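Here is what each chain is made of, one letter per residue.
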Amino acid sequence: MTEPQASGTTHDSLRAVQWQGDRLHLLDQRRLPLEEAWIDCREAGEVAKAIHDLVVRGAPAIGIAAAWGVVLAAQRDDDLERAMATLRAARPTAVNLMWALDRMRACIHAGADAATLTREAQAIQDEDLAANRAMGALGAALIQPDSGVLTHCNTGSLATSGFGTALGVIRAGFASGGIARVYADETRPWLQGARLTVWELQRDKIPVTLIADSAASHLMSSGKVQWVIVGADRIAANGDTANKIGTYQLAIAARHHGVKFMVVAPSTTVDLATPSGEAIDIELRDPTELLGYAGRRTVAEGVQAWNPVFDVTPHELIDVLVTERGVITQPDGAALRAVFGPGAH
Ligand code: MRU
């Protein structure tokens, strides 16, 4: 699972999505941190299932995995449109999935064979890593020395091609000495924070303190954190941002306490075709995720549960959006159009 620190970047040793020529090797994130198990996908349908079942998760990572799913379909001479439709339906909210499939489709329409599609999927994966490193530097430069930060969900190497988005800023900020304290919240119900983020930071030697989701406002009132730093699954044209459920309430609490709120996401997460947060399709998952833990029921029989797994933070609550194209303060429609709209570079 480890790879040498070839780029010289420290605190970044994990690669959870690995192409192996005729299969996609995925670290099974359902089983972390107690077990480090891997699964191999040999066809697009298996990749779609791995995305739906959260073997691989995080907006950029599911886009990358889907691109490799298209390569598998091409290698097997499967029906590519059908494979892409199956992959696209795996999860609805993260636009990176649709973006990656659209890019692969454009390549197919240009006459690409399996070898060309392999190069395209590798480019998608490599570009994501480069974007993460760029965002890490840009975001870390905004943080004053001796700052504390709170993050939500998992936005690290597990959720991307490597390094991470919000967690990339935290990696870079820790390495440069700006970030002195990192807090991660549990991220109920799937516990991406408790199971994945603190494991990932611990193995890369970044000290982190776990809190219950419900401790976040109390933490902010204590003065221990100056920034909330999160990732995104889809950023609408007006800057409204969908991210893991619970992000919205963190943004409200941050504004109340004078804590700055930073969203870190590659340009592949920006969706100018979606006008505002209201139009974002929010994934609802099986309510049983709320009714028990580790396969054991903890809630009385017959209880109903509602399990939306993303929410939308209105752009007015976002102080800074960091993408690989630069830092946007107070992101709104005009600011996003200037960076991502037609004619922008
Ligand atoms: O349901 P998940 O675990 O896929 O949700 C992940 C998130 O919400 C992340 O914050 C987002 O995808 C950004 S990952 C760099």
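Every chain's residues receive numbers from 1 upward, in the order its sequence appears when written. Totals for whole chains, interfaces and linings use all residues, but because this is a predicted model, local features are given only for residues with pLDDT of at least 70 and pairs of side-chain atoms are given and counted only at 80 or more. Water and hydrogen atoms were dropped before computing side-chain values, which therefore reflect all heavy atoms in the structure.

Observations concerning the side chain of aspartate 185
Along the chain, aspartate 185 falls in strand β5 (residues 179-185). Notably, aspartate 185 is buried but unbridged: the nearest opposite-charge side chain belongs to lysine 244, and the N-O separation is 11 Å. Here a residue-residue contact requires only that any non-hydrogen atoms of the pair lie within 4.5 Å. Non-local contacts of aspartate 185, meaning those with residues more than four positions away in its chain, are made with Leu150, Thr151, His152, Cys153, Gly193, Ala194, Leu210, Ile211, Ala212, Asp213 and Leu250. To qualify as a helix, a DSSP run of H or I must reach at least 4 residues; to qualify as a strand, a run of E must reach at least 2; elements of each kind are numbered from the N terminus. Using a 1.4 Å probe on the protein chains alone, a residue whose accessible area is under 20% of its type maximum counts as buried, one over 50% counts as exposed, and one in between counts as partly exposed. Positive charge is attributed to Lys and Arg, negative charge to Asp and Glu, and no charge count is given to His or to the chain ends. Here, a salt bridge means any side-chain nitrogen of Lys or Arg that lies within 4 Å of a carboxyl oxygen of Asp or Glu.

Topic: helix α9 (residues 247-257)
Regarding α9, the residues found buried are Thr247, Leu250, Ala251, Ala253 and Ala254. Following α9 by one or two positions, glycine 258 adopts a phi angle in the positive range, close to 70°.

Notes on the layout of surface pockets
Here a cavity denotes a set of grid points, spaced 1 Å apart and computed over the protein atoms alone, in which a 1.4 Å probe fits but from which it cannot get out, and a pocket denotes an open set meeting protein on both sides within 12 Å along at least five of seven lines; residues with an atom within 4 Å of a point are reported as lining. Grid points are joined across faces, edges and corners, and a volume is the space filled by probe spheres set on the points. Quantified by volume, the largest pocket comes out at close to 490 Å³. If you trace the largest pocket, you find 20 residues lining it, with Pro189, Arg195, Tyr293, Ala294 and Gly295 closest to the centre. Mapped by element, the contributors of at least two residues to the lining of the largest pocket are α7 (192-203), α10 (288-291), β12 (292-293) and β13 (296-297). Here the lining of the largest pocket gathers at least three residues from each of two domains, domain 1 (17-131) and domain 2 (132-340). The domain boundaries here were taken from an automatic or database domain assignment.

A short note on the sheet that holds strand β1 (residues 17-19)
Strand pairing in a sheet takes place through backbone hydrogen bonds and is either antiparallel or parallel in direction. Note on pairing: DSSP must find at least two bridges between two strands before they are called paired. With antiparallel pairing, the three strands of this open sheet are ordered in space as β1-β2-β3. Taken across any chain shown, the strands that pair with only one partner, and hence form the sheet edges, are β1 and β3 (38-41). Across the sheet, the mean angle separating the axes of adjacent strands is 20° when strand polarity is ignored. Taken together, the four bridges between strand β2 (residues 24-27) and β3 define a ladder with antiparallel strand orientation. Looking across to β3, one finds that leucine 24 is bridged to cysteine 41. Angles here are taken between N-to-C directions and fall from 0 to 180 degrees, while the axes themselves are lines fitted to C-alpha atoms, restricted in helices to the stretch in contact. Across the sheet, helix α1 (residues 44-52) lies against β2 and β3, angled at about 140° from β3, the strand it touches most. Strand contacts of helix α2 (residues 59-75): β1, β2 and β3, with the helix running at about 25° to β1, the strand carrying the most contacts.

Some points on the sheet that holds strand β8 (residues 234-236)
An order of β11-β8-β9-β14 is seen for the four strands of this open sheet, with the pairing classed as mixed. Where the open sheet ends on each side, the last strands, each with one partner, are β11 (270-271) and β14 (310-313). Pairing of β8 with strand β9 (residues 241-244) involves two bridges; the strand directions are antiparallel. For arginine 234, the partnering residue across the bridge sits in β9 and is alanine 242.

Considerations on the packing of aromatic side chains
Stacked, tilted and edge-to-face are the three classes applied to pairs of Phe, Tyr and Trp rings, where Trp contributes its six-membered ring and a pair requires centres within 6.5 Å; stacked means planes under 30 degrees apart, edge-to-face means over 60, and tilted covers the rest. One pass over the structure, following the stated rule, counts one aromatic pair. When the centroid spacing of 4.4 Å and the interplanar angle of 5° are considered together, the rings of tryptophan 19 and tryptophan 68 count as stacked. With a gap of 49 residues between them, tryptophan 19 in strand β1 and tryptophan 68 in helix α2 connect regions that are remote in the sequence. Directly above the ring of phenylalanine 163 sits arginine 133, whose terminal nitrogen or CZ lies 5.7 Å from the centroid. Both a distance and an angle decide whether a charge sits over a ring: NZ of Lys or CZ of Arg must be within 6 Å of the ring centre and within 35 degrees of the ring normal. One Lys or Arg, arginine 195, reaches over the ring of tryptophan 190 and ends 4.4 Å from the middle of that ring.

Thoughts on the side chain of aspartate 319
Of note, aspartate 319 is situated in the loop between β14 and β15 (320-323). As used in this structure description, the phrase polar contact means that two N or O atoms lie within 3.5 Å; if the pair is within protein, one of them must be able to donate a hydrogen and the other to accept it, and residues adjacent in sequence are counted only when both atoms belong to side chains. In terms of polar contacts, aspartate 319 uses its side chain to reach the backbone amide nitrogen of phenylalanine 261, at 2.8 Å.

A closer look at the packing of helix α5 (residues 114-140) against helix α6 (residues 166-175)
Between α5 and α6, the shortest axis-to-axis distance is 7 Å and the interhelical angle comes to 60°. Comparing the axis directions of α5 and α6 gives the class oblique. Between α5 and α6 lies a crossing of right-handed hand. Only Gly168, Val169, Ala172 and Gly173 of α6 make contact with α5, whose side of the interface consists of Met135, Gly136, Ala137, Gly139 and Ala140. In the scheme used here, Gly and all other residues not listed as nonpolar or charged are polar, with Ala, Val, Leu, Ile, Met, Phe, Trp, Tyr, Cys and Pro taken as nonpolar and Asp, Glu, Lys and Arg as charged. Within the contact of α5 with α6, the residues separate by chemical class into five nonpolar, four polar and no charged. Angles below 35 degrees are treated as roughly parallel, those above 145 as roughly antiparallel, those between 65 and 115 as roughly perpendicular, and all remaining angles as oblique. By definition, any crossing whose near helix is turned counterclockwise from its far helix by less than a right angle is left-handed, and any crossing with a clockwise turn is right-handed.

Points about the site of the ligand
For this purpose, a residue is taken to be near a molecule or strand whenever a single non-hydrogen atom of the residue falls within 4 Å of it. Taken together, 17 residues are adjacent to the ligand, and Arg57, Arg91, Asp233, Asn243 and Lys244 come closest. Between the ligand and lysine 244 there is a distance of 2.7 Å, counted from an oxygen atom to a side-chain nitrogen or oxygen. For the ligand, whose unbound accessible area comes to 410 Å², protein coverage reaches 99%. Because more than half of its atoms lie within 2 Å of the grid, the ligand is assigned to the largest cavity. Only α2 and β9 provide two or more residues apiece to the shell around the ligand. Class assignment for the residues of the shell around the ligand results in six nonpolar, seven polar and four charged. Here the accessible surface of atoms and residues is derived via Shrake-Rupley with a 1.4 Å probe, and residues count as covered only by protein chains that are part of the display. Throughout, a molecule is located in a cavity or pocket provided that more than half of its atoms lie within 2 Å of its grid points.

Focus on the domain arrangement of the protein
Domain parsing of the protein yields domain 1 (17-131) and domain 2 (132-340). Once you take the C-alpha centre of each, domain 1 and domain 2 turn out to be 23 Å apart. Domain 1 puts 29 residues into the contact, and the matching count from domain 2 is 34 residues. Note: buried area is the sum, over both parts, of the accessible area (probe 1.4 Å) each one loses when the two are combined. Here domain 1 packs against domain 2, burying approximately 2600 Å² in sum over the two surfaces, 54% of which is carbon and sulfur. Linking domain 1 with domain 2 are one salt bridge. Glutamate 283 serves as the salt-bridge partner of arginine 91, at 2.9 Å between the closest nitrogen and oxygen.

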